[in-house]
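Survey of secondary and tertiary structure
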Amino acid sequence: KKLVTLKSDAPLNKNLNDLELWSNNQNGNDLMVYKVHQDGNIFFQQNLGIGTESLGSHQLAVEGSIGAREIKVEVGPNWSDFVFYDEYKLRTLEEVEQHINEKGYLPEIPSKEEVTENGINLGEMNAKLLQKIEELTLYLIEQNKQNQAQQGQLKAQSEMIEQLKNEVFSLKNK
């Protein structure tokens, strides 16, 4: 059996400031499991499993869904803005198509098998997805430039056709 002790830093007949749950570890030493501060914050000293005892290497493991209004993922320095740097080499669409045809997924995005085996890191995946959005934006900008150039050529060709029609009409009526 394990000994569980509740400790408070205030006598029981006064308002509680902090409440602590202590247990004995395998060596018989006292080990604080969690502390409830008077402001309502709860601090866990050990890993926490909700709906599971299988924690793996995680500090928090949850079996089931998690509902939240907001989740903030701290990301490292490798955010996706590098796509807009001059030295970034954007793949051609032909290279992307070749990669998809050969492997069945986008470059720099993990395969279904990798995700199934390893899961995903939300911060890392968001950065990769943003990279793909930024790459798509660059492709669209380039297509827009080509479209505008083609529109200019089409206008010039239409004007030339109209001018040639007028010249042909003038020659017929001489």
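Basis of the calculations
- Residue numbering note: each chain is counted from 1, following its sequence as written.
- Reporting of local features is limited, given that this is a predicted model, to residues whose pLDDT is at least 70; pairs of side-chain atoms are given and counted only at 80 or more, and all residues count toward the totals for whole chains, interfaces and linings.
- As a rule here, side-chain values come from all non-hydrogen atoms in the structure, and water together with hydrogens is ignored.
- Only DSSP runs of H or I with at least four residues qualify as helices, and only runs of E with at least two residues qualify as strands; both kinds are numbered from the N terminus onward.
- Contact definition: two residues touch when any of their heavy atoms are within 4.5 Å.
- Reported accessibility uses the Shrake-Rupley method at a 1.4 Å probe radius. Residues are deemed covered only where the shown protein chains occlude them.
- To estimate the expected span of a helix, count its residues, drop one, and scale the result by 1.5 Å.
- Pairing of N or O atoms within 3.5 Å defines a polar contact, subject to two protein rules: one partner must be a possible hydrogen donor and the other a possible acceptor, and residues neighboring in sequence count only if both atoms are side-chain atoms.
- Without a salt bridge and with relative accessible area above 30%, a residue can belong to a patch; like charges are then joined within 9 Å and nonpolar side chains (Val, Leu, Ile, Met, Phe, Trp, Tyr) within 5 Å.
- Whenever a carboxyl oxygen of Asp or Glu lies within 4 Å of a side-chain nitrogen of Lys or Arg, that contact is scored as a salt bridge.
- For each residue, the accessible area found with a 1.4 Å probe, counting protein chains only, is set against the maximum for its type, and the residue is called buried under 20%, exposed over 50%, and partly exposed in between.
- A score between 0 and 100, pLDDT records how confident the predictor is in each residue.

1. Considering the overall build of the chain
Tallying secondary structure elements over the chain gives three helices and six strands in all. Each helix and strand of the chain, ordered N terminal to C terminal, gives the series β-β-β-β-β-β-α-α-α. Summarising the internal contacts of the chain: among those between residues at least 6 apart in sequence, 25% fall at separations of at least 24. In the structure as shown, the chain presents an accessible area of about 14900 Å², 51% of it carried by carbon and sulfur atoms.

2. Notes on helix α3 (residues 122-172)
For α3, which comprises 51 residues, the first-to-last C-alpha distance of 73 Å matches the rise-based estimate of 75 Å (1.5 Å per residue) to within 8%. Next to the buried residues of α3 lie α1 (93-103). At the N-terminal end of α3, a side-chain oxygen is found 3.0 Å from the backbone nitrogen of Gly123, two or three residues along, and the residue is Asn121.

3. Quick notes on a nonpolar patch on the surface
Residues Ile71, Val73, Val75, Trp79, Val115, Ile120 and Leu122 make up a contiguous nonpolar surface patch of about 590 Å² in total accessible area. Position of Leu122 relative to the elements: it lies in helix α3.

4. A word on the pattern of salt bridges
As enumerated under the stated definition, the model contains six salt bridges in all. Across the salt bridge formed by Glu108 and Arg91, the nearest N and O atoms sit 3.3 Å from each other. With Glu108 in the loop between α1 and α2 (112-118) and Arg91 in the loop between β6 (60-62) and α1, the pair connects residues that are 17 residues apart, well separated along the chain. Residue Arg91 is classed as partly exposed on the basis of its relative accessible area, which comes to 29%. Where Lys132 meets Glu135, a salt bridge forms, and the shortest distance between an N and an O atom there is 3.2 Å. Here Glu135 and Lys132 lie together in helix α3, a separation of three residues that amounts to about one turn. We note that Lys132, like Glu135, is buried.

5. Digging into the environment of Leu130
Within the fold, Leu130 resides in helix α3. Placed 51 residues apart in sequence, Leu130 and Trp79 show a C-alpha to C-alpha distance of 8.6 Å. Setting aside residues up to four positions removed in sequence, Leu130 forms contacts with Trp79 and Ser80.

6. Considerations on the side chain of Lys132
Residue class for Lys132 comes out buried when judged on its relative accessible area of 10%. Setting aside chain neighbours within four positions, we find Lys132 in contact with Leu106, Pro107, Glu108 and Ile109.

7. Regarding the confidence of the model for the chain
Summing up the model confidence of the chain, the mean pLDDT is 86 and the portion of residues at 70 or higher is 89%. By mean pLDDT, the top-scoring element of the chain is α1 (97), and the lowest-scoring one is strand β1 (residues 4-8) (53). Low pLDDT (under 50) marks residues 10-14, which in the prediction has three contacts with non-local residues, meaning those over four places away or in another chain.

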